[in-house]
Amino acid sequence: MRTRPLLYTSYEAEQAILPTWSQRIAIAILLGIAVVLPAEFIPGLRWLGADDWLDVLIRAMIFGIGALGLNILTGLAGQVSLGHAFFVGLGAYTAAVLGGTAGRGLWGLDLPIWIWLPAAGVVAAVVGIIVAPTAVRVRGLYLAFVTLGLVFIGEHIFRAAAPITGGGAIGRRFPSLDVKLWKEEESLVALSSDGPWFGIELTSETKTYLFLLALLIVFAVTTKNLTRTRVGRAFMSIRDRDIAAEVMGVAETRNKLLAFALSSFYAGIAGALLASFIGTMIPESFNLFMSIQFIAIVLIGGAGTVAGTLFGTFFVLTLPRLVRDATDWLSDTASGGGALQWLGDFLITSGPGDFGLVSTQAVGPGLSIFQINVILYGLLIIGFLIFEPLGLFGIWIKIRNYWKGWPFTY
């Protein structure tokens with residue numbers, strides 16, 4: 001009903017993905033903006049259509065797929081995991097073996113993307129099922145430590161398995177995102193090179209962006225549908241009260257295994273896409289910091305919600321670029337004079353003899369941009385856990401409720 005948007009007259013209406021017209025219109029507008037963003041004609045958002053910012057958005061969409069998987073495990077099923085990077089690495093190296101080219105002691109079958117991309121998720125899911133029986137025996141802090149061990153075990157295995165990974169600190173080339181029927185020279189859809197796509201001349205970044213946007217939408221809708229199913233409700237009952245859920249007939253062990261499998265599948269797909277997009281990665285890339293990034297995405301965005309996970313993904317993945325741009329601006333301000341030169345001099349280290357909070361060079365005092373980003377991740381996680389446990393999604397809910405009740409804000 002138009003005047004009573006939260007009055008539902010059927011169970012199907014209440015469980016709809018977008019139950020109100022305002023939500024449908026908002027999603028349609030956001031999707032329209034996302035699709036035409038690379039064209040650089042939206043006022044105020046033209047800078048996001050540049051190729052360097054498209055790279056940032058592409059990484060955000062890939063991490064978004066992996067974060068949706070962690071949200072299933074942590075946000076819906078309530079199982080704390082610090083080993084997400086391990087399954088991301090499994091997906092990446094499955095793609096490398098199945099889709100990569102053999103040579104110089106490296107394994108590679110040179111298979112097309114429609115084989116190696118789903119296989120990356122399946123292999124990660126199978127390993128997740130194998131690991132899960134050990135993990136589901138514990139809960140809480142102990143479960144976090146068990147999954148944390150996977151990251152260190154994975155780093156050692158990836159470095160030692162040189163025919164698969166290329167070896168520590170060396171790495172290997174990963175298959176491109178070009179779509180082929182089999183092993184022919186010419187691709188059906190060439191995402192790795194500029195050229196026409198459905199009759200429109202596009203850059204490789206734009207084609208990759210649109211392809212990954214479509215994949216992200218598919219995984220987001222799938223995850224949202226999962227929350228409305230019997231399985232999704234079983235996950236949430238385990239998260240809220242696992243013992244009570246088991247007493248009521250919910251198969252706790254089986255559903256925890258399923259949550260691990262689904263989460264690992266998403267992580268494997270994200271790992272294959274990430275490695276393929278970057279092109280060359282070393283085994284040390286799939287480390288604890290990557291797992292912390294995924295945890296930060298879920299906690300900052302809002303655990304248990306699809307929209308919150310996507311909010312957190314784009315916030316966390318664009319933050320390093322914003323920090324770098326702000327640092328470059330402060331550095332220019334410090335050397336160029338002006339009213340804010342004092343701020344640049346105070347914050348930026350210009351050389352070994354200078355003192356500042358942030359260093360743009362490899363020498364001298366001050367924190368590097370990477371260290372600044374790590375500190376920001378930590379502060380944001382602590383801040384949201386203390387002041388806003390629902391994350392960015394919780395902030396959006398408060399803003400929405402304020403304007404719904406305005407001017408009666410009590």
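Quick caveat: nothing in here was measured; it's all calculated off a predicted structure. (Residues numbered from 1 in each chain as written. Predicted model: local features only at pLDDT ≥ 70, side-chain atom pairs only at ≥ 80, totals over all residues. Heavy atoms only, no water.)

*Asks:* Lay out the overall build of the chain in plain terms, naming residues and giving numbers.
*Replies:* Counting secondary structure elements, the chain contains 16 helices and six strands. Radius of gyration (C-alpha) of the chain: 23 Å, near the 22 Å computed for a compact globule of 410 residues. Its C-alpha atoms give the chain principal-axis dimensions of about 65 × 65 × 50 Å. By the burial criterion, 44% of the 410 residues in the chain qualify as buried. Sequence separation of 24 or more characterises 66% of the internal contacts of the chain that already satisfy a separation of 6 or more. (Helix = DSSP H or I, 4+ residues; strand = E, 2+ residues; numbered from the N terminus. Rg over C-alpha atoms; globule rule 2.2 N^0.38 Å. Buried < 20%, exposed > 50% of the residue type's maximum accessible area, 1.4 Å probe, protein only. Contact = heavy atoms within 4.5 Å.)

*Asks:* Would you mind going over the nonpolar core in detail, with residue names and values included?
*Replies:* Generally speaking, nonpolar side chains in soluble globular proteins are found buried as a group. By size, the foremost hydrophobic cluster in this structure holds 96 residues, and its most contacted members are Tyr 209 and Leu 273. Setting aside its immediate chain neighbours within four residues, Tyr 209 contacts Ala 34, Leu 37, Pro 38, Leu 54, Leu 57, Ile 58 and Met 61. (Core = buried A, V, L, I, M, F, W, Y, C linked by side-chain atoms within 4.5 Å.)

*Asks:* Requested: an account of a nonpolar patch on the surface, with residues and values cited.
*Replies:* Among the surface-exposed residues, Phe 311, Ile 395, Trp 396, Ile 399, Tyr 402, Trp 403 and Trp 406 lie close enough to one another that they form a single nonpolar patch of about 780 Å² accessible area. Broken down by element, the nonpolar patch gets its largest block of residues, five residues, from helix H16 (residues 391-405). Summarising the element assignment, Trp 396 is placed in helix H16. Judged by relative accessible area, which is 42%, Trp 396 ranks as partly exposed. (Patch = residues over 30% accessible without salt bridge, like charges linked within 9 Å, V, L, I, M, F, W, Y side chains within 5 Å. Areas by Shrake-Rupley, 256 points an atom, 1.4 Å probe, with all protein chains shown as cover. Salt bridge = Lys/Arg side-chain N within 4 Å of Asp/Glu carboxyl O.)

*Asks:* Pulling in residues and values, what's your account of the confidence of the model for the chain?
*Replies:* In the predicted model, the chain carries a mean pLDDT of 89, and the fraction of residues at 70 or more is 96%. The secondary-structure element of the chain with the lowest mean pLDDT is helix H1 (residues 11-14), recorded at 76, while helix H4 (residues 84-99) shows the highest, at 97. (pLDDT = per-residue confidence, 0-100.)

*Asks:* Before we move on, can you summarise the packing of helix H8 (residues 204-227) against helix H11 (residues 252-278) with the specific residues and values?
*Replies:* Where H8 meets H11, the axes come as close as 13 Å, and the angle between the chain directions of the two elements is 175 degrees. As summarised for this structure, H8 and H11 are arranged roughly antiparallel, according to the angle between their axes. Here H8 contributes Thr 208, Leu 212, Leu 215, Phe 219, Thr 222, Thr 223 and Leu 226 to the contact with H11, which in turn contributes Leu 262, Phe 265, Tyr 266, Ile 269, Leu 273 and Phe 277. (Axes fitted to C-alpha atoms, helices over the stretch in contact; angles between N-to-C directions. Parallel < 35°, antiparallel > 145°, perpendicular 65-115°, else oblique.)

*Asks:* Explain the side chain of Lys 207 to me, using residue names and the numbers behind them.
*Replies:* Take Lys 207: it is sitting in helix H8. The residues contacting Lys 207, other than those within four sequence positions of it, are Ala 190, Leu 191, Ser 193, Asp 194, Gly 195, Trp 197 and Leu 202.

*Asks:* Give me the lowdown on the environment of Phe 277, citing residues and values where you can.
*Replies:* Topologically, Phe 277 is positioned in helix H11. Of the residues examined, Phe 277 reaches a relative accessible area of 22% and is grouped as partly exposed. The sequence separation of Phe 277 and Ile 62 amounts to 215 residues, and the corresponding C-alpha distance is 9.2 Å. With sequence-adjacent residues up to four places away left out, Phe 277 is seen in contact with Asp 55, Ile 58, Arg 59, Ile 62 and Thr 208.

*Asks:* Give a description of the packing of helix H12 (residues 288-301) against H16 that names residues and reports values.
*Replies:* Across the interface, H12 lies against H16 with an axial gap of 3 Å and an inter-helix angle of 15 degrees. Accordingly, the angle class assigned to the pair H12 and H16 is roughly parallel. Residues Leu 299, Ile 300 and Gly 301 of H12 pack against Gly 391, Leu 392 and Phe 393 of H16.

*Asks:* Tell me what's going on with helix H3 (residues 51-76), and back it up with residues and numbers.
*Replies:* If you check H3, its first and last C-alpha atoms are 35 Å apart, about what 26 residues at 1.5 Å a residue would give, namely 38 Å. At Leu 70, H3 is deflected by roughly 30 degrees, the largest bend along its length. (Expected span 1.5 Å × (residues − 1). Bend = angle between axes of the 7 residues up to and from the residue.)

*Asks:* How would you summarise the side chain of Gln 293 if you had to cite specific residues and measurements?
*Replies:* Among the secondary structure elements, Gln 293 is positioned in helix H12. Residues contacting Gln 293, with those up to four places away along its chain left out, are Phe 63, Val 316 and Tyr 377.

*Asks:* So what's going on with unusual backbone geometry? Which residues, and what values?
*Replies:* Non-glycine residue Asp 110 carries a positive phi angle of around 55 degrees. Take Asp 110: it is sitting in the loop between H4 and helix H5 (113-135). Classification of Asp 110 by relative accessible area gives partly exposed; the value is 34%.

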